[in-house]
Amino acid sequence: MEGLRRGLARVVSLIRREALIDRRTIRRILRELQRELLKADVSPELVLELSKRVEERALKEELPVGFSRRELLLKILYEELVNLLGGESKRELGLKRGAVVLLVGLQGSGKTTTAAKLAYYYRKRGLKVGLVCADNYRPGALEQLEQLAKKVGAEFYGRRGASAIELAREGVKALKARGVDLVIIDTAGRHKEEKGLLKEMREIAEAVKPDEVILVLDATMGKRAGSHAEAFHKAVPLGSIILTKMDGAARGGGALAAVAKTGARIAFIGVGEDVDELEPFDPPSFVSRLLGMGDLKALVERMRKVELRARPEALLRGKFTLLEFKQQLEELSKLGPLRKILELVPGAPQLTPELEKAGSENIKKWLAIMSSMTLEELTRPEIIDKSRMLRIAKGSGTTVKDVRELLAVYRRTRKLLRRLSRSRRGLSALGLS
Ligand SMILES: Nc1nc2c(ncn2[C@@H]2O[C@H](COP(=O)(O)OP(=O)(O)O)[C@@H](O)[C@H]2O)c(=O)[nH]1
Ligand SMILES: [Mg+2]
């Protein structure tokens, strides 16, 4: 992490020091940003896409009254990095009672440790948790997990002389029979060859139909993390990622790529070897830390208040992809009750409490759905086909019907904006507005 953090802090100080922020300095600063991200193992395509977006927005967006270009550029950089990491709305694993979680990942990535950490985390929140050892590959695996289960007060299932698939299936059944609320399956990471490993993961997933597949990713692994995550994702659609060893010297850039390639979100980070060293992942504070600016969040919030008033105009002029739609909803959901927001809009309809509740629940659901999309899907919604819908629904704990509904709402909103934009242009052509 340190390398990327230092590099980004340098970019930020460049933004702060430049005498004038114009097209040329923006380009120069972005070249520095690209260099730092590439050094931190973020994939070239992603780096390009990100810096293109920052540049586009920095040149296009109107300056909110009372703020400088410099501040706007910082805000955009912050927002694009947060977006890359899954956006601002927090998404817990969202586990139902009786949920089955499957941990996958390479040998040594920290699966077994993480299984115990998760068990500890959810046990402290009142769930009865069970651990299944589906690692029949490494000799000491059974004892290791059994001991950890004892340590965190979790139920345990494991035995010798069975295949990983049998173990997973038996384990889920046995633990559910013991009244466990949450089953966590620990798998083996090593195989003679990667193909075999991925095939085994797919077979386990088919056998137990997990509610959530979590990739355990070693933050120190760097460059290979992106292609790795992608390979696992193709075999078993990932719902979340847990990034381990974030307490060490890890650069973490690989995680950015893993997230962007799969659309899975980082749910937790591991920050030590002990069972209580697991933290829920929070993109805004992660990015603030990454950029070395504690005051950034406050700045961004102040700017948004001002922008909100000028928003419709800016939206009418710009592109309106799912990404913009998501940003809108995120800001709405942060501003508090829908009713309060509508009070700001002259002529908006009154909301009954029921309608309001339905509204904010829908927004939550839609945000979860969009959080399970990749950056590519968000910026080019037209590529979302049936199979992508399935993956997105699975990743967000919703249904394909929900995904379709969200896409329909997005299209309606876009159409409305276009119509509005045309009518305004028409009016101003006639000198009426
Ligand atoms: N410092 C640190 N070490 C970790 C973390 N998570 C796992 N480890 C260590 O990484 C090594 C491999 O972990 P293990 O859970 O056995 O990996 P597995 O092969 O994927 O099951 C062990 O020495 C763990 O103590 C973490 O978040 N921080
Ligand atoms: Mg293990």
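See the structure above.
Residues numbered from 1 in each chain as written. Chains lettered and ligands numbered in written order. Predicted model: local features only at pLDDT ≥ 70, side-chain atom pairs only at ≥ 80, totals over all residues. Heavy atoms only, no water.

Novice: So what exactly am I meant to see when it comes to the site of ligand 1 here?
Specialist: Of all residues adjacent to ligand 1, which total 17 residues, the nearest are Gly108, Lys111, Thr113, Asp247 and Glu273. In this structure, an oxygen atom belonging to ligand 1 sits 3.0 Å away from a main-chain N or O atom of Gly110. One of the side-chain nitrogen or oxygen atoms of Thr112 is found 2.8 Å away from an oxygen atom of ligand 1. Out of a free accessible area of 580 Å², ligand 1 has 79% covered by protein chains. A total of 4 residues in the shell around ligand 1 trace back to one element, the largest contributor, which is helix α5 (residues 111–124). (Near = heavy atom within 4 Å. Polar contact = N/O pair within 3.5 Å; in protein donor to acceptor, adjacent residues only side chain to side chain. Areas by Shrake-Rupley, 256 points an atom, 1.4 Å probe, with all protein chains shown as cover. Helix = DSSP H or I, 4+ residues; strand = E, 2+ residues; numbered from the N terminus.)

Novice: Teacher, can you tell me more about the environment of Ala229 here?
Specialist: Structurally, Ala229 can be placed in helix α9 (residues 225–235). Note on Ala229: relative accessible area 0%, which makes it buried. Note: C-alpha distance between Ala229 and Leu215 (14 residues apart in sequence) is 7.4 Å. When residues no more than four places from it in sequence are discounted, the contact partners of Ala229 are Leu215, Leu238, Ala258 and Thr262. (Buried < 20%, exposed > 50% of the residue type's maximum accessible area, 1.4 Å probe, protein only. Contact = heavy atoms within 4.5 Å.)

Novice: It is not clear to me how the sheet that holds strand β6 (residues 240–244) should be interpreted in this structure. Could you clarify?
Specialist: Either a parallel or an antiparallel arrangement is found when strands of a sheet pair, and the pairing is made through backbone hydrogen bonds. Spatially, 8 strands are ordered β3-β2-β4-β1-β5-β6-β7-β8 in an open sheet, and the strand pairing comes out mixed. Of all the strands in the sheet, the pair left with one neighbour each is β3 (155–157) and β8 (278–280). With strand direction ignored, the average angle separating the axes of adjacent strands in the sheet is 25°. Taken together, the 5 bridges between strand β1 (residues 99–104) and strand β4 (residues 182–187) define a ladder with parallel strand orientation. Each bridged residue has a counterpart across the sheet, and for Val100 the counterpart in β4 is Val183. Most of the contacts of helix α7 (residues 164–177) go to strand β2 (residues 129–134), to which it runs at about 165°, and overall it touches β1, β2, β3 and β4. Taken strand by strand, helix α8 (residues 194–208) contacts β1 and β4, and its axis lies near 175° from that of β1. (Pairing = 2+ DSSP bridges. Axes fitted to C-alpha atoms, helices over the stretch in contact; angles between N-to-C directions.)

Novice: Any chance you could explain unusual backbone geometry here in plain terms?
Specialist: Outside of glycine, negative phi angles account for most residues, and trans bonds account for most peptide bonds. The backbone phi angle of Lys209 is positive, close to 45°, even though this residue is not glycine. You can see Lys209 is positioned in the loop between α8 and β5 (212–218). You will see that Lys245, though not glycine, has its phi angle at about 65°, which is positive. Turning to its location among the elements, Lys245 is positioned in the loop between β6 and α10 (253–262). Using a relative accessible area of 32% as the deciding quantity, one classes Lys245 as partly exposed.

Nothing here speaks to function; it is geometry throughout.
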